[in-house]
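Descriptive analysis of the structure
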Amino acid sequence: MIIFSGGTGTPKLLVGLEKVFKEEELNIIVNTAEDIWISGNLLCPDVDSVLYTLAGIMDKKTWWGVKDDSFHTHNALERLQHPEHLMIGDNDRATHIARSELLRQGKSLTEATAALARSFGIPDRIKILPMTDEPATVRTKILTPEGELHFQEFWVARKGEPEVLDVHFEGIDEVNPSEAVVEALEKESEALVLIGPSNPITSVGPILGLKGIRELLKWKIVMAISPIVGTEAVSGPAGKLMRAKGFDVSPYGVYTCYKEFLDVLVIDKNDECAVDTGVDVLKTDIMIKKDKDSKRLATFLKKHSMR
Ligand code: GDP
């Protein structure tokens, strides 16, 4: 199975998918448009969330960073007049250092991620595939009345408060998807693509924006799980960003984001969504508060993916 992932909603679902689809290879294609070099190291927020979730060390209170991490280096840097605008825990930073060293040794981001996954004890059948091997070359930019902000600046430093006029992915036209991503999507045996409950604009949007990806999806059975329940995103700025891009903030808006290749849309049990013929709408509880919710939703997806 192929899964498209950002850094919160889909990782939550991965907890259950990993258990329920335990006989299968999971190819997780992960957004890298929020990646950023900080203090000499490459931070890949979404790849890290996927790694930490599958390694069982994710901070599930915040859905970023390693649980029970310390912040000695972050605080020491501040005392040295070198403040970082993101809070980076010590264990989290170790991942960034190891990744960056592997890149400096000439490894690709895909290879570096595989090496990290092995060190974390993540089974081989789970392939974590950064969407491109050209690190930090696609950058999500948020256009606000005061100018353009890097996504991290908008969301972390400014807490998502500025008005959003537009969102675009700087560099997307010059960047290729990684070989591993294309290979996974070209495999005929991988018929099912699951678009997890991630932000359709800033997490799934960059993956879909890479050359050839939308075309490859037309040959697949594509199942998307809505990150919107009712008229709000479960968390994060998806609602604000969808609105800025002219989409309705509703399961229908999610459907319109994926319409050209979508086969199945999974929405909340209390929601409605009108779709064109050829797209099935399935209703279930799509809120993931605990690991057992993730397992239940993954079991539901398995049952319906076999039909
Ligand atoms: P990001 O990289 O941190 O933005 O993470 P994602 O894009 O993977 O996840 C953010 C999206 O996940 C938001 O749009 C949320 O609405 C959605 N989300 C978070 N928790 C849940 C949940 O429990 N259920 C569903 N259906 N969506 C969720």
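Before reading further, recall that the structure is shown in the block above.
This report concerns the structure included in the present document. This structure is a prediction, so every number in the text was calculated from the model and none was measured.

**Focus on the pattern of salt bridges**
Across all of its chains, the model carries 15 salt bridges by this definition. Overlapping salt bridges, with partners in common, bring together Arg-139, Lys-141 and Glu-170 in one network.

**A short note on the site of the ligand**
For the ligand, the set of nearby residues contains 21 residues, the closest of which are Thr-8, Ser-198, Asn-199, Ser-203 and Pro-227. In the environment of the ligand, an oxygen atom lies 3.0 Å from a nitrogen or oxygen atom belonging to the side chain of Asp-46. One of the backbone nitrogen or oxygen atoms of Asn-199 is found 2.7 Å away from an oxygen atom of the ligand. With the chains in place, 94% of the 590 Å² that the ligand exposes on its own is no longer accessible. Under a 2 Å grid-point criterion requiring more than half of the atoms, the pocket assigned to the ligand is the largest pocket. When grouped by side-chain class, the residues that make up the shell around the ligand number 8 nonpolar, 10 polar and 3 charged.

**Observations concerning the layout of surface pockets**
Rolled over the atoms, a probe as big as a water molecule pinpoints where empty space is left. Estimates place the volume of the largest pocket at around 960 Å³. Elements with a minimum of two residues in the lining of the largest pocket: helix H1 (9-20), helix H2 (45-55), helix H4 (90-104) and helix H6 (151-157). In terms of residue count, the dominant contributor to the lining of the largest pocket is H2 (5 residues). Along the lines of polarity and charge, the residues of the lining of the largest pocket split into 20 nonpolar, 16 polar and 5 charged. By volume, the second largest pocket amounts to about 290 Å³. Around the second largest pocket sit 18 residues that line it, and Ala-114, Asp-124, Ile-126, Lys-127 and Ile-128 are the ones nearest its centre. Among the secondary structure elements, those contributing two or more residues to the lining of the second largest pocket are helix H5 (109-119), strand E5 (126-130) and helix H7 (179-186). Sorting elements by how many residues they give to the lining of the second largest pocket places H5 first, with 5 residues.

**Brief notes about the environment of Thr-10**
Examined against the element boundaries, Thr-10 turns out to sit in helix H1. Taking relative accessible area as the criterion, Thr-10 reaches 0% and is therefore assigned buried. For Thr-10 and Lys-283, which are 273 residues apart along the polypeptide, the C-alpha to C-alpha distance reads 18 Å. In this view, Thr-10 contacts Ile-3, Phe-4, Ser-5, Gly-196, Pro-197 and Ser-198; residues no more than four positions away in its chain are not counted.

**A closer look at the pairing of strand E6 (residues 139-144)**
As judged from the 5 bridges shared by E6 and strand E8 (residues 166-170), these two strands associate in the antiparallel manner. Counterpart to Thr-140 in the pairing with E8 is Phe-169. Bridging between E6 and strand E7 (residues 147-150) involves 4 bridges; their strand directions are antiparallel. Residue pairing in the sheet places Lys-141 in a bridge with His-150 of E7. Linking E6 back to E7 in an antiparallel pair, the connection comprises 2 residues.

**Observations concerning the environment of Ala-191**
Looking at where Ala-191 falls in the secondary structure, it is placed in the loop between H7 and strand E9 (192-195). The spatial distance from the C-alpha of Ala-191 to the C-alpha of Phe-151 is 33 Å, given a sequence separation of 40 residues. Excluding residues within four positions of it along the chain, Ala-191 makes contact with Lys-220 and Ile-221.

**Concerning the sheet that holds E7**
If you walk across this open sheet you meet the 3 strands as E7-E6-E8, and the pairing is antiparallel. Every interior strand has two partners, whereas the edge strands, E7 and E8, have only one. Averaged over neighbouring strand pairs, the angle between their axes works out to 30 degrees when direction is ignored.

**As for the state of the cysteines**
Overall, the coordinates contain 0 disulfides when judged by the stated rule. Of the cysteine sulfurs around Cys-257, a residue in no disulfide, the closest is that of Cys-273, at 11 Å. Using a relative accessible area of 11% as the deciding quantity, one classes Cys-257 as buried.

**Some points on the nonpolar core**
Grouped together as the largest cluster of nonpolar side chains are 47 residues, with contacts concentrated most on Phe-4, Ile-29, Leu-185 and Tyr-258. Not counting residues within four places of it along the chain, the set of residues in contact with Leu-185 comprises Ile-2, Phe-4, Ile-29, Val-193, Ile-213, Leu-216, Leu-217 and Lys-220. If you look at the next biggest cluster of nonpolar residues, it comprises 44 residues, including Val-20, Leu-51, Leu-109 and Ile-128.

Rules and cut-offs
Residues numbered from 1 in each chain as written. Predicted model: local features only at pLDDT ≥ 70, side-chain atom pairs only at ≥ 80, totals over all residues. Heavy atoms only, no water. Salt bridge = Lys/Arg side-chain N within 4 Å of Asp/Glu carboxyl O. Near = heavy atom within 4 Å. Polar contact = N/O pair within 3.5 Å; in protein donor to acceptor, adjacent residues only side chain to side chain. Areas by Shrake-Rupley, 256 points an atom, 1.4 Å probe, with all protein chains shown as cover. 1 Å grid on protein atoms, 1.4 Å probe; cavity = no way out; pocket = protein on both sides within 12 Å on 5 of 7 lines; lining within 4 Å. Sits in = over half its atoms within 2 Å of the grid points. Nonpolar A, V, L, I, M, F, W, Y, C, P; charged D, E, K, R; others polar. Points joined across faces, edges and corners; volume = space filled by probe spheres on them. Helix = DSSP H or I, 4+ residues; strand = E, 2+ residues; numbered from the N terminus. Buried < 20%, exposed > 50% of the residue type's maximum accessible area, 1.4 Å probe, protein only. Contact = heavy atoms within 4.5 Å. Pairing = 2+ DSSP bridges. Axes fitted to C-alpha atoms, helices over the stretch in contact; angles between N-to-C directions. Disulfide = S-S within 2.5 Å. Core = buried A, V, L, I, M, F, W, Y, C linked by side-chain atoms within 4.5 Å.

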